[in-house]
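Notes for the structure review
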Amino acid sequence: MNNKDRILQLREQKVLPRDDFKALLTTMNPAEEDFLAGNAREVREQYYGNEVYLRGIIEFSSYCKNDCYYCGIRKSNTKAQRYHLTREQILECADIGYQLDFRTFVLQSGEDLSYSTEDICDIVSSIRRKHPDCAITLSIGEKTREEYQAYFDAGAERYLLRQETSDPAHYARLHPAELSIRNRKRCLSDLKSIGYQVGCGIMVGSPYQTWDNVIADLMYMRDLQPQMIGIGPFIHHKDTPFRLEPDGTLEDTLHLLSILRLMFPASLLPATTALGTIHPRGREMGILAGANVVMPNLSPKGVRAKYMLYDGKICTGDEAAECRACMARRIETTGCHVVISRGDHPDFRGAAEKQTGVNHESSPVASVSGGAGETGNR
């Protein structure tokens with residue numbers, strides 16, 4: 001079977017034998033790459049048309065109790081600049097984002113234990129009261145099932161938690177001994193059973209990663225059936241144990257994005273900030289490979305450069321309105337357009353309207369110059 005046949009089979013059956021996956025990941029020529037991306041775009045358009053959804057990231061703390069070897073805000077990095085945002089600052093970021101037409105807020109941080117469960121629930125419920133037509137996503141790491149349930153009850157509807165790798169041995173080479181893939185998978189299972197729209201994902205080209213690891217990740221995600229899948233290239237940070245490791249590549253990330261679109265046709269796939277960091281048009285290329293989400297930064301300008309998970313992260317000096325307007329213009333060059341919408345997974349659209357009592361139909365984003373909206377991540 002040649003690669004074009006493999007692509008068509010993947011589009012139809014949503015899965016391939018392992019050897020065929022490996023062939024797609026390692027042996028494609030430029031014509032086959034174009035064929036793969038074209039099929040990914042066609043599948044995306046069946047579910048979402050040419051709409052791209054904005055998620056406004058609020059990076060509210062750079063403190064973390066963990067010591068993951070790849071991460072710039074790991075607790076052992078004494079050079080990292082640490083900050084916490086207050087409840088009032090977080091709510092102000094959401095208010096600004098709403099004025100800029102964001103309808104999803106992503107609250108992201110290191111695993112910062114200074115925020116209690118009650119604190120997070122209060123922040124979530126406060127945003128929910130002020131902006132009932134918006135989705136609230138959390139990305140704050142591994143918690144107990146009881147904590148996840150409390151956040152959900154307070155109004156959080158989505159949760160992002162990358163597994164990073166599904167293989168226990170590979171996971172152990174990226175993380176300290178107190179962290180385990182078994183617990184990470186337990187968290188993802190709990191989130192699914194509670195009723196969240198769940199996002200998982202991996203770093204492409206992370207240290208020691210093999211193609212067999214990547215294929216195992218695809219099989220794990222096929223079992224999990226997440227609503228969102230976030231992937232981006234590994235990018236080293238100068239103050240971590242992996243500072244001399246090579247970065248992941250644009251090509252591998254784009255191939256994998258297209259493969260994920262064919263495997264999970266209704267999934268919400270971001271063109272990540274990391275893609276834009278390794279190539280000036282990386283996010284646009286991600287959209288052309290089948291992605292349909294972009295995630296600009298709503299954090300206060302003064303703290304953006306402090307949330308440095310990897311070296312060279314883009315958009316750390318922009319104001320929120322600048323990020324949003326720039327992103328809308330960039331997306332237009334791909335033939336897609338940004339819309340004002342929560343951008344729910346199709347399986348959750350009715351549930352979202354029932355919960356909030358608000359109709360969540362998409363509407364085109366107006367042009368931004370003093371105040372209309374747009375959408376960041378690793």
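Analysis parameters
Residues numbered from 1 in each chain as written. Predicted model: local features only at pLDDT ≥ 70, side-chain atom pairs only at ≥ 80, totals over all residues. Heavy atoms only, no water. Salt bridge = Lys/Arg side-chain N within 4 Å of Asp/Glu carboxyl O. Buried < 20%, exposed > 50% of the residue type's maximum accessible area, 1.4 Å probe, protein only. Helix = DSSP H or I, 4+ residues; strand = E, 2+ residues; numbered from the N terminus. Polar contact = N/O pair within 3.5 Å; in protein donor to acceptor, adjacent residues only side chain to side chain. Contact = heavy atoms within 4.5 Å. Axes fitted to C-alpha atoms, helices over the stretch in contact; angles between N-to-C directions. Left-handed = near helix turned anticlockwise from the far one by under 90°. Nonpolar A, V, L, I, M, F, W, Y, C, P; charged D, E, K, R; others polar. Parallel < 35°, antiparallel > 145°, perpendicular 65-115°, else oblique. Phe/Tyr/Trp six-rings, centres within 6.5 Å; stacked < 30°, edge-to-face > 60°. Lys NZ or Arg CZ within 6 Å of the ring centre and 35° of its normal. Pairing = 2+ DSSP bridges. Arc of directions from axis to C-beta.

1. Topic: the pattern of salt bridges
- Going through the model one piece at a time under the given rule, you end up with 21 salt bridges.
- Of the charged contacts in the structure, one is a salt bridge between Glu-88 and Arg-87, with a shortest N-O distance of 3.6 Å.
- Arg-103 is the salt-bridge partner of Asp-101, the closest N and O atoms lying 4.0 Å from each other. Across the pair, exposure class does not vary: Asp-101 and Arg-103 are buried alike.

2. A few points about the side chain of Gln-108
- Within the secondary structure, Gln-108 sits in strand β3 (residues 104–109).
- Judged by its relative accessible area of 8%, Gln-108 is buried.
- Within the local environment of Gln-108, its side chain forms a polar contact with the side chain of Tyr-307, the two groups lying 3.4 Å apart.
- Discounting residues that sit within four places of it in the chain, Gln-108 has contacts with Ile-57, Ile-58, Glu-59, Phe-60, Ser-61, Ser-139, Tyr-307 and Leu-309.

3. Let's talk about the packing of helix α1 (residues 3–13) against helix α2 (residues 18–26)
- Remark: α1 packs on α2, axes separated minimally by 10 Å, with the N-to-C direction vectors making an angle of 120°. Along this stretch, α1 crosses α2, giving a crossing that reads as left-handed. Side by side, α1 and α2 meet where Asn-3, Arg-6, Ile-7 and Leu-10 of the first sit next to Asp-20, Phe-21, Ala-23 and Leu-24 of the second.
- For the contact of α1 with α2, the per-class residue count stands at five nonpolar, one polar and two charged.

4. Examining the packing of α2 against helix α10 (residues 250–263)
- Look at α2 against α10: their axes get within 9 Å of each other, and the N-to-C directions meet at 140°. Here α10 runs oblique to α2, going by the angle between their axes. Residues Phe-21, Leu-24 and Leu-25 of α2 form the contact with α10, whose own contacting residues are Asp-252, His-255, Leu-256, Ile-259 and Met-263.
- The class makeup of the residues in the contact of α2 with α10 is six nonpolar, one polar and one charged.

5. Focus: the environment of Arg-281
- Assignment of secondary structure puts Arg-281 in the loop between α11 (273–278) and α12 (282–288).
- With a relative accessible area of 36%, Arg-281 lands in the partly exposed category.
- The spacing of Arg-281 and Thr-104 is 177 residues in sequence and 24 Å in space, taken between C-alpha atoms.
- If sequence neighbours within four positions are ignored, Arg-281 has contacts with Arg-330 and Thr-333.

6. Regarding the side chain of Lys-313
- Among the secondary structure elements, Lys-313 is positioned in the loop between β10 (293–294) and α13 (320–332).
- With a relative accessible area of 9%, Lys-313 lands in the buried category.
- Here Tyr-307 takes part through its backbone oxygen, which lies 3.2 Å from a polar atom of the side chain of Lys-313.
- Filtering out sequence-adjacent residues up to four positions away, Lys-313 remains in contact with Glu-59, Thr-273, Thr-277, Asn-297, Tyr-307 and Met-308.

7. Some points on the packing of aromatic side chains
- If you walk through the whole model with that rule in mind, you get seven aromatic pairs.
- Ring plane angle 75° and centroid distance 5.8 Å describe the contact between Tyr-48 and Tyr-53, whose orientation is recorded as edge-to-face. In this structure, Tyr-48 and Tyr-53 share a single accessibility class: buried.
- An angle of 90° between the planes, with centres 6.2 Å apart, marks the rings of Tyr-69 and Phe-242 as edge-to-face. Here Tyr-69 is found in the loop between β2 (56–61) and α4 (87–99), whereas its partner Phe-242 is found in the loop between β9 (232–233) and α10, with 173 residues between them in sequence.
- Residue classification places Phe-242 among the buried residues on the basis of a relative accessible area of 5%.
- Grouped by ring-pair contacts, the aromatic residues Tyr-148, Phe-152, Tyr-159 and Tyr-196 constitute a single cluster.
- Directly above the ring of Tyr-208 sits Arg-173, whose terminal nitrogen or CZ lies 3.6 Å from the centroid.
- The residue whose ring lies beneath Lys-185 is Tyr-220, and the NZ or CZ to ring-centre distance is 4.8 Å.

8. Observations concerning the sheet that holds strand β5 (residues 158–160)
- Strand order in the open sheet made by the six strands is β2-β3-β4-β5-β6-β8, with parallel pairing throughout. Strands with a single pairing partner mark the edges of an open sheet, and in this sheet they are β2 and β8 (228–229).
- Sheet analysis places strand β4 (residues 135–139) next to β5, joined by two bridges and oriented parallel. From the neighbouring strand, Thr-137 faces β5, where its bridge partner is Arg-158.

9. Structural notes on α1
- Every buried residue of α1 is listed here: Asn-3, Arg-6, Ile-7 and Leu-10. For α1, the buried positions fall inside an angular range of 100° around the axis, keeping them on one side.
- Looking at where α1 begins, the residue whose side-chain oxygen comes 3.1 Å from the main-chain nitrogen of Lys-4 is Asn-2.
- Two residues or fewer after α1 comes Lys-14, characterised by a positive phi angle close to 70°.

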